[in-house]
Amino acid sequence: MRILPAWLREFVNVAANDRQLAEDLTSAGIAVESVQEENGATIYEMDLTTNRVDAMNHYGVAREASAIYDVKLKKVSPMLPERKTRQSNSAVWRAPIGMTSFTKDELNADDSTTAEAFPIVIEDAQGCARYTARIVRNVKIGPSPQPVARRLELLGSRPINNAADATNYALNELGHPTHVFDLDLLEGGTIIVRRAREGEVLKTLDGVDRKLSTDDLVIADGRKPVALAGVMGGFDSMITERTKNVLIESAWFDPATVRSMAKRHLMHTDASHRFERGADWGITPLACDRVAELILASAGGELHGEQIDTVARKAERASIALHRSEVNRILGIDFDEDEIQRILGRLGFGVTRAPEGSFSIQIPTWRLDVEREVDLLEELARVHGYNQFPNTLPAFTGAVVTLPDEPKNAKLRETMLALGYDESISITFVSEQEAKAFASSHSSNTGLSGAPSLGGAPAEPLAIANPLSEEAGYLRTSLIPGLLNMVGYNLNRGNANVRLFEAGEVFEKLGDRSIEDERRHLGFVATGDAITKSVHSAAQPYTFFHMKGDVEELLAAFEHQELHFDDHTPPYFHPGRSARALMDGETVACFGQLHPDLATERKFRQEIYIAELMLERVYRHPLREPRYQRISKFPTVERDFSFIFDEAVTFERIRSAIEELGLGELQKFVPAEIFRGEKVGAGKYSVLLHAEFQSNERTLRDDEVAQWSAQIVVKLQSLGGVLRAQ
Amino acid sequence: MYTVPKLEDYSPEALDRAVADLRRALAEEEASISSQADWKAFRDRWLARKNGILTQLNNLWLKPCPADLKRTIGQIINTLRPEIEHFVTHGQSRDEDIRTVIDSLSKDALAADRLDITLPGIQRPIGVKHPVLRVMDEIVAVFKAMGYSVGEGPEVETDYYNFESLNFPPDHPARDTQDTLFIAGQESKPARDRLLLRTHTSPVQIRTMEQQPPPVRIVIPGKVHRNDPLDATHSPVFHQVEGLAVDTNITFCDLKGTLDHAMKALFGSSVKTRFYPSFFPFTEPSADMQVSCIFCGGKGCRKCKFSGWIELLGCGMVDPNVFDFVKHNGYDSSKISGFAFGMGVERIAILKYEVEEIQLFYEGDVRFLEQFA
Ligand SMILES: [Zn+2]
């Protein structure tokens, strides 16, 4: 919205120049975003907060200036011929719903034989609290006079004709939306404010036929709707060059009603913008007269009778108690009573002093945003100037606590970084296909679901009602799709060695509760070389076992009895090159090579390794406490065993078989070398197993080591192993 | 015991003999070292500044020699000096095993064993923290140091926590500014239970106050979502750091002082702050805070659009209506007061690192990420 400082200076005498005024307004919360010169005029581009609809006009900004500089705000008093100031329907009494009103003066029409009563009926007092109108006859519709047209143009509006421009001018001046009807196109000699009837249609000023619903509030004549209340006038009753007589509407419509209509009809107009945010109930007579004054000045004609002011309900404001002690308690400084009176008085509040540093404050009708004492504190603070308050630091008596997962998150992050993975953040949204393909429910038959089971209901992905796009229609159920997108982005740009991780939330609908739907995962992806080629060494490609080592490294940070790996993995993994990790019997991670079909789909030309840890499960284990163990003073005895096994005998089987022997002095048992090939025979492999024995208490004797070695050989032979040499 | 002879015969043969005698003595004496004390005596005998053998060579060989031979004698001494030093160094770690190694490394072999130490080292690169999370950590650390605990809350929120309890009434225009993404299929639920993606970290204010009676000091880092397609200046995903302090004594001056202190801790003690009135449904009074431009110091530059100031965060005194939602837990707005603030982390990261496009943060391009090592 634009404000012309020259215009607002008509209402307030400010010594500061335009730039200083802009700065001072901004400091008080009436933000002037920029000050420009255009066609010889200074223009403020305003950036007002949504609560300050009262300041979205020149008079409202002038009022702020009057408070800032403590100068008088001039009254707006339209000069009308045969001015009779008495109000026809006094606002003192509460009008019943459906009340009809007209002026007595109208009935005793002064000079005109055509004078007639023009009743205005508000059938819906909730939607329309007040409707003020005037009739002007014998106008000549044409272009607006230059000063009016110029101001509208400076504000960025296109002048239309003198009647329409009068409403626009008054809107910019006083902030109240008004409307002008061609009186002769209104049928039935009446205005009725009511809800639309089923099946009614209204062509609005923009030429669109609007199907109305019974939720719409309309202005109707005796037969049909002629305007969408507070949103837009009707096409068929609009002002044209042929218009002779006009009816000026200045009404107050309910914010929620206008808002729902504007939403329903997808219309956003200057009028709806103001009514939605709360217009000034008290200004309708003044705005009505101001439009009349402008029309008379620019289009001639004469007033027909008196102003018709119909009040269906009062929207006057209660008064609020304000205490100096509360000002001090919240703002932290003391305001003296004169300053309180001065600031609030200039802003149009009625200020009455009460005993013991308190006040009774009458809230003006245009300040719908002020309802409570604390709102008055803000008025005081902003006019006083936020930067005039000292900076202090509060004392504090509470304790600092750490979230239980904070050290765990930190440990994993530290480990990922140390392992050479870059931290990344992907977009949270995935396509329906991705949400389902990577869902935990999808793989629940492998026992992989990270989701706590809730009455056996299968987990479902969460769709977004208003997504950014179809490909982003769901919340991610896994971190893998985001990581694959990022890997793809890198590969397409020639970054062949990529290691990325992301720690973040994944989402699934489990039951009817919200919070458990959200689980924290750690995902990572690697492709290319683990060790890049250099002058010192050849490249070493990243393999499954690099990833397994990384997973082991991460999980080693948590207390557990047993870490077990098997090949039950979801279908997006290469079936023979992927694993899941079970910590004390519970699935905590899946990792391995991306399924070649998926890799092809995404046009990946190199092997991609992915891993995902279900942190809510991992975090059930405390972080491992370091433990000290005395280092043995006695020598280690090493033995190697060379065996041939069937391919079906995995190392895990060998390891657990040896573990079953329960040899206390066997400190280490690892595969040292593996061979496959013709010499070994198809379906078989040769493995060199390395054992280390050591005792904490004594030097081991040859005969005991020999005995243990024999036990190991027998055990391995029981797995079908053939001893080659020892 | 070897003593440095005076040179009378300057023939090459005589000189060679003298050098060979010295070398033999050096090796023999070093070989006989068997204790730390031996070594010290050996070191002093050969290298002592005052009358060590090396010094004597200068006095007895170089000084008296004929002028035309100065150069030759000087070169001989220059060759001997590092040899003496070498034996002294090795003599220190004399023990039988090491002795063998040293013996086996002939001087020549050692001289030939040279690396081109100017070749690049073998690097095992460590990963890099994401720039946004790195900035977030810095902000959180500042508030932790001021006595704030870290709070957290879910990213999928209910209407109640994201809006209603923060004083956004249903159908209020202030909701329009939030560009909320809603979860589908919520129609059958009461409005306040409907799920959405939180548009700010402020819901954690209420969640924290529900859990914990006053006093409260928390800082809440977190991810939020809005219905803004990803482009150079917008992102549907971004991060905020929220703060909340509630106690019996919190004032608007404390809000200003706390943020001023935090900004000085973050950007340096010369940074200034200023506050402007603003509007947030959950604070009253509300303010926008600006810091003096961290790039030009306030003189005006491209980054601050030549204003000298950068708008950094929104804040205000907690609205009594918000306290009313947690009144049962000790939050009686007539007895306690508080302030809240929230800042966009990406915005600060963009300013700090001069990143041109916000989307760079979410593409995972390692060439981008690895610049923040
Ligand atoms: Zn600057």
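Criteria and thresholds
Residues numbered from 1 in each chain as written. Chains lettered and ligands numbered in written order. Predicted model: local features only at pLDDT ≥ 70, side-chain atom pairs only at ≥ 80, totals over all residues. Heavy atoms only, no water. Helix = DSSP H or I, 4+ residues; strand = E, 2+ residues; numbered from the N terminus. Rg over C-alpha atoms; globule rule 2.2 N^0.38 Å. Buried < 20%, exposed > 50% of the residue type's maximum accessible area, 1.4 Å probe, protein only. Contact = heavy atoms within 4.5 Å. Lys, Arg positive; Asp, Glu negative; His and termini not counted. Charge placed at Lys NZ, Arg CZ, Asp CG, Glu CD. Domains from an automatic or database assignment. Core = buried A, V, L, I, M, F, W, Y, C linked by side-chain atoms within 4.5 Å. Buried area = accessible area lost by both parts, 1.4 Å probe. Salt bridge = Lys/Arg side-chain N within 4 Å of Asp/Glu carboxyl O. Donors = N, O, S within 2.8 Å, 3.2 Å for Na, K, Ca; no water. Tetrahedral: all angles 85-135°; square planar, octahedral: opposite > 155°, others 65-115°. Expected span 1.5 Å × (residues − 1). Polar contact = N/O pair within 3.5 Å; in protein donor to acceptor, adjacent residues only side chain to side chain. Pairing = 2+ DSSP bridges. pLDDT = per-residue confidence, 0-100. Phe/Tyr/Trp six-rings, centres within 6.5 Å; stacked < 30°, edge-to-face > 60°. Lys NZ or Arg CZ within 6 Å of the ring centre and 35° of its normal. Axes fitted to C-alpha atoms, helices over the stretch in contact; angles between N-to-C directions.

The subject of this paragraph is the overall build of chain A. On a plain count of helices and strands, chain A comes out with 20 helices and 33 strands. Against the compact-globule benchmark of 27 Å for 726 residues, chain A has a radius of gyration of 41 Å, which places it well outside the compact range. A principal-axis box enclosing the C-alpha atoms of chain A has dimensions of 135 × 60 × 55 Å. Burial status across chain A gives 54% buried among its 726 residues. Counting contacts in chain A only where the partners sit at least 6 residues apart, residues at least 24 apart contribute 70% of the total. For chain A, the centre of its 82 positive side-chain charges and the centre of its 107 negative side-chain charges are spaced 1 Å apart.

Attention now moves to the domain arrangement of chain A. Domain boundaries assigned for chain A yield domain 1 (2-69), domain 2 (92-311), domain 3 (320-387), domain 4 (406-618) and domain 5 (637-723). Computed over C-alpha atoms only, the centres of domain 2 of chain A and domain 5 of chain A are separated by 97 Å.

Ranked by size, the top nonpolar core spans 105 residues in total, and within it A:Leu322, B:Phe143 and B:Met263 carry the most contacts. Once residues within four sequence positions are removed from consideration, A:Leu322 is found in contact with A:Val327, A:Ile340, A:Leu344, A:Gly357, A:Ser358, A:Phe359, A:Ile361, A:Glu373, A:Leu376, A:Leu377 and A:Leu380.

As a further point, take the interface of chain A and chain B. Listed as interface residues are 79 residues of chain A and, on the opposing side, 93 residues of chain B. Buried surface at the junction of chain A and chain B, both sides included, amounts to about 7100 Å², of which 57% is carbon and sulfur. The largest per-residue losses of area from chain A upon contact with chain B belong to A:Arg329, A:Tyr386 and A:Ile425, which jointly make up 10% of the total buried on that side. Summed over the shared surface of chain A and chain B, the number is four salt bridges. Between B:Lys223 and A:Glu502 there is a salt bridge whose closest N-O contact spans 4.0 Å.

This next bit is on unusual backbone geometry. Cis peptide bonds are those with omega within 30 degrees of zero, and the linkage from B:Pro214 to B:Pro215 qualifies with 0 degrees. Among the structural elements, B:Pro215 can be located in the loop between helix H10 (203-211) and strand E4 (216-225). Backbone torsion omega between B:Glu284 and B:Pro285 reads -10 degrees, so that peptide bond is classified as cis. With respect to the element layout, B:Pro285 can be found in strand E7 (residues 283-292). Located in the positive-phi region is A:Asn138, a residue other than glycine, with phi close to 60 degrees.

Residue and element names in this part refer to chain B. Within the protein, the zinc ion binds to Cys293 (SG), Cys296 (SG), Cys301 (SG) and Cys304 (SG); these donor distances fall in the range 2.2 to 2.3 Å. Viewed at the metal, the four donor atoms of the zinc ion are separated by angles of 103 to 112 degrees, and the geometry they form is tetrahedral. Taken in sequence order, the residues that donate to the zinc ion follow the motif C-x2-C-x4-C-x2-C. Taken individually, Cys293 and Cys301 each receive the classification buried, so the pair is uniform in this respect.

The next thing to look at is the domain arrangement of chain B. Interface size, as often reported, equals the accessible area lost upon joining of the parts. Under the domain assignment, chain B is made up of domain 1 (12-113) and domain 2 (131-372). Spacing between the C-alpha centres of domain 1 of chain B and domain 2 of chain B amounts to 73 Å.

Given 3.6 residues to a turn, an α-helix orients residues that are three or four positions apart in the same direction. Residue and element names in this part refer to chain B. With 16 residues, helix H11 (residues 252-267) ought to run about 22 Å at 1.5 Å a step, and its terminal C-alpha atoms sit 22 Å apart, in line with that. Within H11, 13 of the 16 residues are buried, leaving the element largely enclosed by the surrounding structure. Here H11 starts with a cap whose side-chain oxygen sits 3.2 Å from the backbone nitrogen of Cys253, and that cap is Thr251. Remark: Gly268 follows H11 within two positions and exhibits a positive phi of approximately 110 degrees.

A few words on the sheet that holds strand E9 (residues 337-344) of chain B. Two modes of strand pairing occur in sheets, parallel and antiparallel, and in both the strands are linked by backbone hydrogen bonds. All names here are of chain B. The mixed open sheet is built from seven strands, whose spatial order is E1-E4-E5-E9-E8-E7-E6. One side of each edge strand has no neighbouring strand; the edge strands of this open sheet are strand E1 (149-150) and strand E6 (273-280). Where E1 and E4 come together, two bridges link them in parallel fashion. Residue pairing across strands places Ser149 opposite Ile218, the latter belonging to E4.

This part is about the confidence of the model for chain A. Residue and element names in this part refer to chain A. Looking at chain A, pLDDT values average 90 and 91% of them are 70 or higher. The least confident element of chain A is helix H4 (residues 104-107), whose mean pLDDT is 39; the most confident is strand E19 (residues 422-423), at 98. Taken together, the stretch residues 83-116 has pLDDT below 50 and engages in 70 contacts with residues farther than four places along the chain or on a different chain. Per-residue pLDDT stays below 50 along residues 442-456; that stretch engages in 34 contacts with residues further than four places along the chain or on separate chains.

What follows deals with the pairing of E7(B). Residue and element names in this part refer to chain B. The buried fraction of E7 is high, at ten of ten residues. Relative to E7, E6 runs antiparallel, the two being bridged by seven bridges. If you follow Ser278 over to E7, its bridge partner there is Ser286. Linkage of E6 to E7, two consecutive antiparallel strands, is achieved through a turn of two residues. Strand direction decides the pairing type here: E7 and strand E8 (residues 309-318), joined by eight bridges, are antiparallel. Along E8, the bridge assignment pairs Asp288 with Gly314.

Moving on, we get to the pattern of salt bridges. Residues and elements named next belong to chain A. Tallied over the entire structure, the rule returns 68 salt bridges over all chains. Note that Lys436 and Glu432 form a salt bridge whose closest N and O atoms lie 2.6 Å from each other. Taken together, the residues Lys436 and Glu432, both in helix H14 (residues 432-437) and four residues apart, mark about one turn of the helix. Measuring nitrogen to oxygen at the nearest pair gives 3.3 Å for the salt bridge that ties Glu559 to Arg627. One end of the pair, Glu559, is in the loop between helix H16 (544-555) and strand E26 (563-566); the other, Arg627, is in the loop between helix H18 (615-618) and strand E30 (637-646), with 68 residues separating them in the sequence. Exposure remark for Glu559: the relative accessible area of 22% places this residue in the partly exposed category.

Here we take up the pairing of strand E15 (residues 302-311) of chain A. All names here are of chain A. Taking burial as the measure, the ten residues of E15 include eight buried ones, the bulk of the element. As defined by bridge partners, strand E6 (residues 128-137) adjoins E15 across seven bridges and the pair is classed as antiparallel. Each residue of the ladder has a partner; that of Thr132, found in E15, is Asp309.

End to end, helix H13 (residues 406-418) of chain A covers 18 Å across 13 residues, agreeing with the expected 18 Å (1.5 Å per residue, within 8%). For H13(A), the full list of buried residues reads A:Lys408, A:Leu412, A:Arg413, A:Thr415, A:Met416 and A:Leu417. Among the structural elements, E19, strand E22 (498-507), strand E23 (518-527), H16 and H18 of chain A together with helix H7 (131-145) of chain B are those in contact with the buried residues of H13(A). Immediately downstream of H13(A), the backbone of A:Gly420 shows phi near 95 degrees, a positive value.

On to the packing of aromatic side chains. Under the criterion given, the structure shown has 32 aromatic pairs over all chains. Put simply, the rings of B:Tyr353, B:Phe361, B:Tyr362, B:Phe368 and B:Phe372 touch in pairs and so form one group of aromatic residues. Sitting over the face of the ring of A:Trp366, A:Arg63 holds its NZ or CZ atom 3.8 Å from the ring centroid. Between the NZ or CZ atom of B:Lys303 and the centre of the ring of B:Phe295, over which it lies, the distance is 3.3 Å.

Further remarks concern the sheet that holds strand E17 (residues 350-354) of chain A. Residues and elements named next belong to chain A. On the basis of which strands lie adjacent, the open sheet formed by three strands has the order E16-E18-E17 and antiparallel pairing. Among the strands making up the open sheet, the edge pair consists of strand E16 (319-323) and E17. Averaged over neighbouring strand pairs, the angle between their axes works out to 25 degrees when direction is ignored. With five bridges connecting them, E16 and strand E18 (residues 358-362) associate as antiparallel partners. Counted as the bridge partner of His323 is Ser358 from E18. Most of the contacts of helix H11 (residues 337-346) go to E17, to which it runs at about 160 degrees, and overall it touches E16, E17 and E18. Where helix H12 (residues 373-384) meets the sheet, it contacts E16 and E18, and its direction lies at approximately 65 degrees from that of E16.

Residues and elements named next belong to chain A. For Thr243, the position within the fold is in the loop between strand E13 (232-233) and strand E14 (246-253). Between the alpha carbons of Thr243 and Glu293 there is a distance of 18 Å; along the sequence they are 50 residues apart. The residues touching Thr243, leaving out its near neighbours within four places in the chain, are Val139, Ile141, Asp182 and Met238. Of note is the side chain of Thr243, whose polar atom sits 2.8 Å from the backbone nitrogen of Thr240.

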